[in-house]
Amino acid sequence: MVHLFRTSLGVMALAAAAFGSSGGAQAANGPFLAHQALYDLSLVKSRSNSVNSARGRILYNFTGSSCEGYTSEFRQVSELDSGEGKITLSDLRSNSWEDAAGKSYRFKIETRMNEADAGRVDGSAERDGDHINVKLKLPAPKNFTLDGKIVFPTEQIQRIIAAAKDGKSLLELSVYDGSDDGQKVYNTLTVIGQPVPADRTASPDASTTDEHMKSLKRWPVTVSYFDRDVQRKEGEQTPVYAMAFELYENGVSRQLVLDYNDFVISGAMGKFDVKDSKPCN
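These lines cover the structure that appears in this document, whether it is placed above or below. Within each chain, residues carry numbers counting from 1 in the order of the written sequence. Local features are withheld for residues below a pLDDT of 70 in this predicted model, meaning they are given only at 70 or higher, and side-chain atom pairs are given and counted only at 80 or more; totals for whole chains, interfaces and linings count all residues. As a rule here, side-chain values come from all non-hydrogen atoms in the structure, and water together with hydrogens is ignored.

1. Looking at the pairing of strand β1 (residues 35–46)
Stage number 1. Each pair of strands is called paired provided DSSP finds at least two bridges between the two strands. Each helix corresponds to a stretch of at least 4 residues labelled H or I by DSSP, and each strand to a stretch of at least 2 residues labelled E; elements are numbered beginning at the N terminus. Bridging between β1 and strand β14 (residues 263–274) involves 11 bridges; their strand directions are antiparallel. Of the residues in β14, the one forming a bridge with L41 is G267.

Structure below.
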């Protein structure tokens with residue numbers, strides 16, 4: 001269960017869900033909403049009885065536009081109670097920027113567990129033809145290249161929305177977001193359900209009652225994350241974890257569920273505020 005408290009790709013995907021489109025013909029999919037959202041985390045179930053309770057919050061801010069790129073800032077504070085007085089407190093802070101064309105990506109991530117020193121990742125990635133050049137400053141200086149078919153978080157979510165609008169139910173992508181030590185690539189499988197009409201809401205929250213959101217379509221989405229290195233070496237097909245959420249056509253996510261195999265965490269939207277966005281000139 002330690003992977004909940006390292007840099008969580010589930011949280012990274014949540015952040016990416018507010019990002020904009022990635023250029024070209026796909027940019028016509030429409031504007032993505034600048035906003036701030038607060039998600040309250042709680043334990044859904046513990047399959048191995050290793051977790052008695054869990055609580056926490058994610059505070060997420062998104063700003064930017066298709067001409068200046070997109071910036072996301074979020075903080076996740078989580079507490080796990082494993083029983084017998086064993087409490088694990090984590091504090092994850094992340095700041096990332098990605099240009100609208102999906103060519104450049106910058107990230108700074110800080111993860112702290114209990115009283116231990118914070119782990120930090122700081123780097124950038126630039127798309128260059130058929131490959132991606134990654135430069136890490138932290139945790140240690142390192143330069144390396146990745147396959148150009150790999151996408152950054154913005155493009156991942158943009159492609160999910162495009163696939164949903166095209167009526168597709170499956171999407172496979174390899175994703176790089178700078179998580180773990182800045183060298184991890186994940187293979188993802190996204191399952192897209194049938195669209196949910198704007199007027200159908202089984203469990204209202206701050207997003208469904210907002211005037212900007214009431215007329216928008218959304219889709220139930222589940223994204224499973226697989227460790228690319230483990231798959232290649234061992235043929236392992238079990239996901240590291242899966243993330244489910246409802247994704248609006250303007251990029252906002254609600255009803256977050258993170259499945260870490262041993263236990264499942266839900267994220268209910270407790271607050272949602274639309275922010276002013278400066279239009280492109």
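Back to the write-up after that little detour.
2. What to know about helix α2 (residues 153–165)
Stage number 1. An ideal rise of 1.5 Å per residue puts 18 Å on 13 residues; α2 measures up with 19 Å between its terminal C-alpha atoms.
Stage number 2. Each residue is assigned to one of three classes by its accessible area relative to the maximum for its type, calculated with a 1.4 Å probe on protein chains only: buried under 20%, partly exposed between the two thresholds, exposed over 50%. Buried within α2 are the following residues: P153, T154, E155, Q156, I157, Q158, I160, I161, A162, A163 and A164. A helix is expected to reach a length of 1.5 Å times the quantity of its residues less one.

3. Let's talk about a negative patch on the surface
Stage number 1. Residues enter patches when their relative accessible area tops 30% and they take part in no salt bridge; the joining distance is 9 Å for like charges and 5 Å for the nonpolar side chains Val, Leu, Ile, Met, Phe, Trp and Tyr. Only the protein chains shown count as covering a residue, and every accessible area follows the Shrake-Rupley method with a 1.4 Å probe. One speaks of a salt bridge when a side-chain nitrogen belonging to Lys or Arg is within 4 Å of a carboxyl oxygen belonging to Asp or Glu. By the counting rule applied here, Lys and Arg register as positive and Asp and Glu as negative, while His and the ends of each chain are not counted. By convention, charge coordinates are those of NZ in Lys, CZ in Arg, CG in Asp, or CD in Glu. A grouping of E126, D128, D130 and D147 is seen on the molecular surface, where their side chains present a negatively charged patch.
Stage number 2. When you line up the elements, E126 lands in strand β6 (residues 119–128).
Stage number 3. We classify E126 as partly exposed; its relative accessible area is 37%.

4. Quick word on the side chain of Q76
Stage number 1. Residue placement: Q76 occurs in strand β3 (residues 69–81).
Stage number 2. Within the structure, the side chain of Q76 is placed 2.9 Å from the side chain of S78, a separation counted as a polar contact. For this analysis, a polar contact is any N or O atom pair within 3.5 Å, provided that within protein one partner can donate a hydrogen and the other can accept it, and provided that sequence-adjacent residues contribute only side-chain to side-chain pairs.

5. A word on the environment of E172
Stage number 1. With respect to the helices and strands, the residue E172 is situated in strand β9 (residues 170–175).
Stage number 2. You can call E172 exposed: its relative accessible area is 67%.
Stage number 3. Considered as a pair, E172 and T188 are 16 residues apart in the sequence and their alpha carbons are 5.7 Å apart.
Stage number 4. For this analysis, residues touch if any pair of their heavy atoms sits within 4.5 Å. Contacts of E172, omitting those with residues within four sequence positions, involve T188 and L189.

These values are about where atoms sit, not about what they do.
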